[in-house]
Number of protein chains: 2
Amino acid sequence: MADGVDEAGVIAEIIGLAQEARVPMRKVGRDQLDAVALTDAPQGVIARADAISDTDLRMLAARSPGNRPPFLLVLDGVTDPHNLGAVMRSGLCAGATGVVLGRHRAARLTPSAVKAAAGAVEYLPIATVPGIPAALAVLADAGIWTVGLVPAAPTTLWDLRVATEAVALVLGAEGKGLSRLARQRCDVAVAIPVHPPLDSLNVSAAAALACFEVARRRGMASRPEPMG
Amino acid sequence: MADGVDEAGVIAEIIGLAQEARVPMRKVGRDQLDAVALTDAPQGVIARADAISDTDLRMLAARSPGNRPPFLLVLDGVTDPHNLGAVMRSGLCAGATGVVLGRHRAARLTPSAVKAAAGAVEYLPIATVPGIPAALAVLADAGIWTVGLVPAAPTTLWDLRVATEAVALVLGAEGKGLSRLARQRCDVAVAIPVHPPLDSLNVSAAAALACFEVARRRGMASRPEPMG
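Residues numbered from 1 in each chain as written. Chains lettered and ligands numbered in written order. Predicted model: local features only at pLDDT ≥ 70, side-chain atom pairs only at ≥ 80, totals over all residues. Heavy atoms only, no water.

1. Considerations on the pattern of salt bridges
Residues and elements named next belong to chain A. Considering all chains together, one arrives at 8 salt bridges over all chains under this definition. For the salt bridge of Lys 27 with Glu 7, the shortest nitrogen-to-oxygen distance reads 2.2 Å. Within this pair, whereas Lys 27 is found in the loop between helix 1 (9–20) and helix 2 (30–36), its partner Glu 7 is found in the segment before helix 1, the two being separated by 20 residues in sequence. For Glu 213, the salt bridge identified is with Arg 217, shortest N-O distance 3.1 Å. Placement of both Glu 213 and Arg 217 in helix 8 (residues 203–217) is noted, with a separation of 4 residues, approximately one turn of the helix. The buried category is assigned to Glu 213, whose relative accessible area is 3%. Where salt bridges share partners, they join Glu 213, Arg 216 and Arg 217 into one cluster. (Salt bridge = Lys/Arg side-chain N within 4 Å of Asp/Glu carboxyl O. Helix = DSSP H or I, 4+ residues; strand = E, 2+ residues; numbered from the N terminus. Buried < 20%, exposed > 50% of the residue type's maximum accessible area, 1.4 Å probe, protein only.)

Here you go:
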């Protein structure tokens, strides 16, 4: 914590939570804090944490706590960290149980991704895989329906029939969409119809729509969780 | 256009379109181009354009071309330009016909907003108003249902009954949600149920869900537009 930061409001809350969880705190000069910060405008507090650990793909494909059928997000070539974080936030809010990322040509959990995720990276397990098409084959073998978002698909997202079963939503890169091989490996392809003159949604908007369509079909929509 | 920029690909397309539309082009030194650029990483081309002109609120409340019932987005205190642009892109993709922004404590059409909008600011008319609650009263007088997104509302977005009529979706600020007065002025309040542990969606994700719920109810979902 920076020397001289106002210890009221959210800072007081952070101090309280840290004491409760026996997390050691230290005061340092503002210069020293700014020097280790990884974001542009640190607000007087920095936390050091273990790196987010990777989860095995087969673990993600297994039944999740509470015996809910797996609900995965597979990102094929999404390179913008802000989009990665935004997709994880919407996914977790919709009840997703895991994320699959490619190891190459893919966004990483940069500070910008973590900030956009608004806490989701701490809760949503991630499996990093060498290749998305191979990962889709593993998921299919595990009995998970793989659903690709493909603009030209004849079926729309709102006609998706497999939402209540174990499902993985496969989202393509900004601009380019799914790779040919990933598209071929998907069991089902669905489109989100877009009104002209624009011809595509941002990947994080498409992800929000697809994730909440699964949530809606799973009945979450009719019994709202208590919210603040 | 910067001297020495590679005149292939998208640059060739820009040159072709400019010639077709009789838009004068000029080559300048890279330094000169970078000096007038408003974004961080100009890609060798800059366009000068008239400022986006404001539309009167009553015009937005009238029937739109094609006699579609108005489908408006009202942003109450959204201050992040990226979110503003993202909301406009998703809105236009869902068939929205206009946006209402407050003049004070609101995001403006900064370069970052325009970039996130991916073209939507050129198509979606904007009315800037002195106050959101007063604008909601004007819309209600014009026969438009005002629908506030409110986390604690007992009705969910998916139970919204007025989507096929003239409608205005009212979205609140990041973190704070709708102001008390704006919430009181809304005819209907709906919630987007969010799965714990997170308790809220990003405003642009919430906007995408609300806009496409209107689109789905209006039947757009069952007849996809041809897409690239």
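What follows picks up the thread again.
2. Here's the deal with the relation of the copies chain A and chain B
Mapping chain A onto chain B calls for a screw motion: a turn of 180 degrees about the axis and a shift of 0.1 Å along it, with 0.1 Å RMSD after fitting. Here the transformation between the copies is reduced to the relation of a two-fold axis. (Least-squares fit on C-alpha atoms with pLDDT ≥ 70 in both.)

3. Regarding the confidence of the model for chain A
Residues and elements named next belong to chain A. Here chain A shows a mean pLDDT of 90. Residues at 70 or above account for 95%. The low-confidence segment residues 221–228 (pLDDT under 50) makes 19 contacts with residues lying over four places distant or belonging to another chain. Overall fold confidence (pTM) sits at 0.88, and the ipTM for the predicted complex is 0.87. (pLDDT = per-residue confidence, 0-100. Contact = heavy atoms within 4.5 Å.)

4. Comments concerning the environment of Val 78 of chain B
All names here are of chain B. Mapped onto the fold, Val 78 is located in the loop between strand 1 (71–76) and helix 4 (81–93). What makes Val 78 buried here is its relative accessible area of 3%. Separated by 97 residues in the primary sequence, Val 78 and Gly 175 have C-alpha atoms spaced 9.6 Å apart. Look past the residues within four positions of Val 78 in its chain and what remains in contact with it is Asn 83, Leu 84, Ala 106, Ala 107, Leu 171, Gly 172, Ala 173, Glu 174 and Val 203.

5. A few points about the interface of chain A and chain B
Opposite the 39 residues of chain A that make contact, chain B presents 39 residues. Where chain A abuts chain B, roughly 3,700 Å² becomes buried across the two surfaces, and 71% of that area is made up of carbon and sulfur atoms. Linking chain A with chain B are 0 salt bridges. On the surface where chain A and chain B come into contact, there are 8 residue pairs in polar contact (both at pLDDT 80 or more). Listing elements by their share of the side of chain A that touches chain B, those giving two or more residues are helix 4 (81–93) and helix 8 of chain A. Residue composition of the side of chain A that touches chain B, by class: 25 nonpolar, 9 polar and 5 charged. (Buried area = accessible area lost by both parts, 1.4 Å probe. Polar contact = N/O pair within 3.5 Å; in protein donor to acceptor, adjacent residues only side chain to side chain. Nonpolar A, V, L, I, M, F, W, Y, C, P; charged D, E, K, R; others polar.)

6. Focus: unusual backbone geometry
Residues Pro 196 of chain A and Pro 197 of chain A are joined by a peptide bond in cis, for which omega reads 10 degrees. Positive phi is not limited to glycine here, since Arg 105 of chain A has a value of about 45 degrees. Note that Arg 105 of chain A resides in the loop between strand 2 (98–102) and helix 5 (111–117). Looking at Arg 105 of chain A, the relative accessible area reads 73%, which means it is exposed. The phi torsion at Ala 118 of chain B lies on the positive side, around 50 degrees, for a residue other than glycine. In this structure, Ala 118 of chain B sits in the loop between helix 5 (111–117) and strand 3 (126–129).

7. Focus: helix 8 (residues 203–217) of chain B
All names here are of chain B. End to end, helix 8 covers 21 Å across 15 residues, agreeing with the expected 21 Å (1.5 Å per residue, within 8%). A large share of helix 8 lies buried, amounting to 13 of its 15 residues. Two residues or fewer after helix 8 comes Gly 219, characterised by a positive phi angle close to 90 degrees. (Expected span 1.5 Å × (residues − 1).)

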